[in-house]
Amino acid sequence: MEKIHTDTVILGAGAAGLAAASRLEKYGISYVVLEAQNRVGGRAFTRASPENHFAIELGAEYVHDAPIVTLELLRACGEKAIETVDKSLRIKDGTALGPVDVWD
């Protein structure tokens, strides 16, 4: 096994881990990010439904109050936040229920 020499180990490639890596990179501090999944993003996990043209959220789905730091990190990664209406579909036992009010 290859040995890795680094100043910092970041556990998890979710929003906090990626933000920490970004800050360490800015200051030239070496780091390695360890992630258990085969993807980055942590709890944020969106799947597109090509046949129905809508997104399916399998994890965190809201950015409350659109904090500037979050939006800047999204832009830096080539992503964006999309403002949505207060309606969504819920799926139970393979059947779409909705649209339903997300605040109910």
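*Asks:* Is there a simple way to explain the overall build of the chain in this structure?
*Replies:* Of the regular secondary structure elements, the chain holds two helices and six strands. Counting helices and strands in the order they occur from the N terminus, the chain gives β-α-β-β-β-α-β-β. Split into buried and exposed, the 104 residues of the chain put 10% on the buried side. Residue pairs in contact within the chain that sit at least 24 positions apart in sequence constitute 17% of those at least 6 positions apart. Taken as a whole, the chain presents about 8,900 Å² of accessible surface, with 55% of it coming from carbon and sulfur.

*Asks:* Explain the layout of surface pockets to me, please; I cannot follow it from the model alone.
*Replies:* Leftover empty space is mapped by rolling, across the atoms, a probe with the size of a water molecule. In this structure, the second largest pocket occupies an estimated 170 Å³ of space. Taken together, Ala19, Ser22, Arg23, Lys26, Val69, Glu72, Leu73 and Ala76 make up the full set of residues lining the second largest pocket. When contributions to the lining of the second largest pocket are tallied by element, the ones reaching two or more residues are helix H1 (15–26) and helix H2 (68–76).

*Asks:* I tried to follow the packing of aromatic side chains on my own but got confused; where do I start?
*Replies:* One pair of aromatic rings is described through two measures. These are the centre distance and the angle between the planes. A full pass over the atoms with the stated rule returns zero aromatic pairs. Sitting over the ring of Phe45, Arg39 keeps its end group 3.8 Å from the ring centre.

Rules behind the numbers
- Within any chain, residue numbers begin from 1 and follow the written order of that chain's sequence.
- Thresholds applied to this predicted model are a pLDDT of at least 70 for local features of residues and 80 or more for the giving and counting of side-chain atom pairs; totals over whole chains, interfaces and linings are not thresholded and use all residues.
- For side-chain calculations, the full set of non-hydrogen atoms in the structure is used, while hydrogens and water are omitted.
- Counting from the N terminus, the helices are the DSSP runs of H or I reaching at least four residues and the strands are the DSSP runs of E reaching at least two.
- Relative accessibility thresholds used throughout: buried, under 20% of the residue-type maximum; exposed, over 50%; partly exposed, between the two (1.4 Å probe, protein chains only).
- Note on contacts: a residue pair qualifies if any of its non-hydrogen atoms lie within 4.5 Å across the two residues.
- The accessible surface values rely on the Shrake-Rupley method and a 1.4 Å probe; as for residues, cover is taken only from the protein chains in view.
- Throughout, the protein atoms alone are placed on a 1 Å grid, and a set of points is a cavity if a 1.4 Å probe fits but cannot get out or a pocket if it is open with protein on both sides within 12 Å along at least five of seven lines; lining residues have an atom within 4 Å of a point.
- Grid points are joined across faces, edges and corners, and a volume is the space filled by probe spheres set on the points.
- Pairing of aromatic side chains here covers Phe, Tyr and the six-membered ring of Trp, requires ring centres within 6.5 Å, and sorts the geometry by plane angle: under 30 degrees stacked, over 60 edge-to-face, intermediate tilted.
- Charge-over-ring placement is defined geometrically: NZ (Lys) or CZ (Arg) within 6 Å of the ring centre, and within 35 degrees of the ring normal.

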